[in-house]
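Listed below, chain by chain, are the residues.
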Amino acid sequence: MNRTRVIRGVIGVCAAVALAEAVARLGIIDPEIVPPISAVLLRSVTLAGDPVFLTNMADTVLAWLIGLALAAVAAVVVGVLLGSVPWLSAPSRMVVEFLRPIPSVALIPLAILLFGVETEMKVSLIFYAATWPILFNTLYALRDVDPVAKDAMRSFGFGRLAVLWRVSLPSAAPFVATGVRVAAGVALVVVVGAELLSGGQSGLGTFLIEAGSAGGNTDVTLAGAVWAGALGLIVNTLLVRVERGAFRWHFARTERTR
């Protein structure tokens, strides 16, 4: 099944590349505006040896890692508290529902005022955006824990903390991991967007802005975008593998119920 999916994915990518190349070569789109995909991919390869690009990419990845790690820790802790302490859930619901719809880009001016345009600004925006998928996955997972399992533990004399540690958290862990994976993609979009809009000193978004403003560097700009997409794909693939390796029992049970 996995091999079939990979083959289909490769076929889809090849078809998309061939279509993009044909559109440029046939003159449907001016090659001066949008260069052929072959030129973009070639430029992407050359960027892999460009120290300026690699430095900017490293800065983006560092901010992404720090922001995502902080968001994961905070969201899981808060989610466990809200999901296991009933009297905290109701008062906090209004605050959570008020803050959640605010887009991260709307907070860029505030983040710049508080932290400047350095890594701290990007980390704060990533932290804000990545918190919500992890928090809500944690909350919903804790609410869906099998009550029979919890009652069985209590009948054997285990207290609330023991039930939380032995039943609720292991049951919720796969869903928390899914929340982290979703948040990782959101965080990557946010960090590149923040770099594009804030005019920072370094980062992948800054590299794209500088390449585009130089004029005649459309292939460089698109090559940078290709690397951003490749980074997202690599991160998602790694997290899926970690998720499936750590929670084999969960995915095996899911496959049996289908």
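Thresholds applied
Residues numbered from 1 in each chain as written. Predicted model: local features only at pLDDT ≥ 70, side-chain atom pairs only at ≥ 80, totals over all residues. Heavy atoms only, no water. Helix = DSSP H or I, 4+ residues; strand = E, 2+ residues; numbered from the N terminus. Buried < 20%, exposed > 50% of the residue type's maximum accessible area, 1.4 Å probe, protein only. Contact = heavy atoms within 4.5 Å. Areas by Shrake-Rupley, 256 points an atom, 1.4 Å probe, with all protein chains shown as cover. Lys, Arg positive; Asp, Glu negative; His and termini not counted. Charge placed at Lys NZ, Arg CZ, Asp CG, Glu CD. Phe/Tyr/Trp six-rings, centres within 6.5 Å; stacked < 30°, edge-to-face > 60°. Lys NZ or Arg CZ within 6 Å of the ring centre and 35° of its normal. Patch = residues over 30% accessible without salt bridge, like charges linked within 9 Å, V, L, I, M, F, W, Y side chains within 5 Å. Salt bridge = Lys/Arg side-chain N within 4 Å of Asp/Glu carboxyl O. Core = buried A, V, L, I, M, F, W, Y, C linked by side-chain atoms within 4.5 Å. pLDDT = per-residue confidence, 0-100. Axes fitted to C-alpha atoms, helices over the stretch in contact; angles between N-to-C directions. Left-handed = near helix turned anticlockwise from the far one by under 90°. Nonpolar A, V, L, I, M, F, W, Y, C, P; charged D, E, K, R; others polar.

### Describing the overall build of the chain
Move 1: Looking only at helices and strands, the chain has 11 helices and zero strands in total.
Move 2: Helices and strands in the chain line up, N terminus first, as α-α-α-α-α-α-α-α-α-α-α.
Move 3: Overall, the chain is about 75 × 50 × 30 Å in size when its C-alpha atoms are taken along their principal axes.
Move 4: The 258 residues of the chain split such that 34% are buried.
Move 5: For the chain, the proportion of contacts with a sequence separation of at least 24, taken over those separated by at least 6, is 72%.
Move 6: A total accessible area of about 15,200 Å² is found for the chain, and carbon and sulfur atoms account for 70% of it.
Move 7: Computing the positive centroid from 20 side-chain charges and the negative centroid from 16, the chain places the two 17 Å apart.

### What to know about the environment of Val76
Move 1: Considering the arrangement of structural elements, one finds Val76 in helix α3 (residues 51–84).
Move 2: Val76 sits 59 residues away from Leu135 along the chain, and the two C-alpha atoms are 6.2 Å apart.
Move 3: Residue contacts for Val76: discarding those within four places in its chain leaves Ile134, Thr138 and Val176.

### Quick word on the packing of aromatic side chains
Move 1: What the rule picks out here adds up to five aromatic pairs.
Move 2: Between Tyr128 and Trp132, the aromatic rings sit 5.8 Å apart at their centres with planes inclined by 85°, giving edge-to-face as the arrangement. Here Trp132 and Tyr128 lie together in helix α6 (residues 119–143), a separation of four residues that amounts to about one turn.
Move 3: Ring centres 6.4 Å apart and planes at 45° place the aromatic pair Trp132 and Phe136 in the tilted group. On the criterion of helical spacing, the pair formed by Trp132 and Phe136 is a turn pair, its members being four residues apart in helix α6.
Move 4: Under the relative-accessibility criterion, Phe136 is labelled buried at 12%.
Move 5: A connected cluster of aromatic rings, assembled from ring pairs, spans Tyr128, Trp132, Phe136 and Tyr140.
Move 6: One Lys or Arg, Arg100, reaches over the ring of Phe136 and ends 4.8 Å from the middle of that ring.

### Thoughts on a nonpolar patch on the surface
Move 1: On the surface, Leu26, Ile28, Ile29, Ile33, Val34 and Leu222 cluster together into a nonpolar patch covering about 550 Å² of accessible area.
Move 2: Its location among the elements puts Leu26 in the loop between α1 (2–25) and α2 (37–47).
Move 3: The exposed category is assigned to Leu26, whose relative accessible area is 66%.

### A look at the side chain of Ser168
Move 1: Along the chain, Ser168 turns up in helix α8 (residues 160–198).
Move 2: Beyond its immediate stretch of four places on either side in the chain, Ser168 contacts Leu142, Val145, Lys150 and Val163.

### Considerations on the nonpolar core
Move 1: Of all hydrophobic cores here, the largest spans 45 residues; its most connected members are Trp64 and Leu125.
Move 2: Elements supplying a minimum of two residues to this core: α2, α3, α5 (108–115), α6, α8, α9 (204–213) and α10 (218–246).
Move 3: Here this core takes 12 residues from α6, the largest share from any one element.
Move 4: When residues no more than four places from it in sequence are discounted, the contact partners of Leu125 are Ser104, Leu107, Ile108, Ala111, Val190 and Ala194.
Move 5: By size, the runner-up hydrophobic cluster in this structure holds five residues, among which are Val80, Ala141, Leu142 and Leu164.

### Here's the deal with the pattern of salt bridges
Move 1: Inspection of the entire model under this criterion finds six salt bridges.
Move 2: Of the charged contacts, one joins Glu21 and Arg25 as a salt bridge, the two residues approaching to 2.7 Å between their closest N and O atoms. With a gap of four residues between them, Glu21 and Arg25 both fall in helix α1, about one helical turn apart.
Move 3: Taking relative accessible area as the criterion, Glu21 reaches 17% and is therefore assigned buried.
Move 4: Taking relative accessible area as the criterion, Arg25 reaches 57% and is therefore assigned exposed.

### Some thoughts on the confidence of the model for the chain
Detailed reading of the predicted model is not advised wherever pLDDT is low.
Move 1: Taken residue by residue, the chain gives an average pLDDT of 84. The fraction at 70 or more is 95%.
Move 2: Confidence, expressed as mean pLDDT per element, reaches its minimum in the chain at helix α11 (residues 248–257) with 63 and its maximum at α3 with 92.

### Brief notes about the packing of helix α4 (residues 86–99) against α6
Move 1: Where α4 meets α6, the axes come as close as 12 Å, and the angle between the chain directions of the two elements is 145°. In this structure, the crossing between α4 and α6 has a hand that is left-handed. Residue-level contacts link Ser89, Arg93, Val96, Glu97 and Leu99 of α4 to Tyr128, Trp132, Phe136 and Arg143 of α6.
Move 2: Here the contact of α4 with α6 is built from residues that sort into five nonpolar, one polar and three charged.

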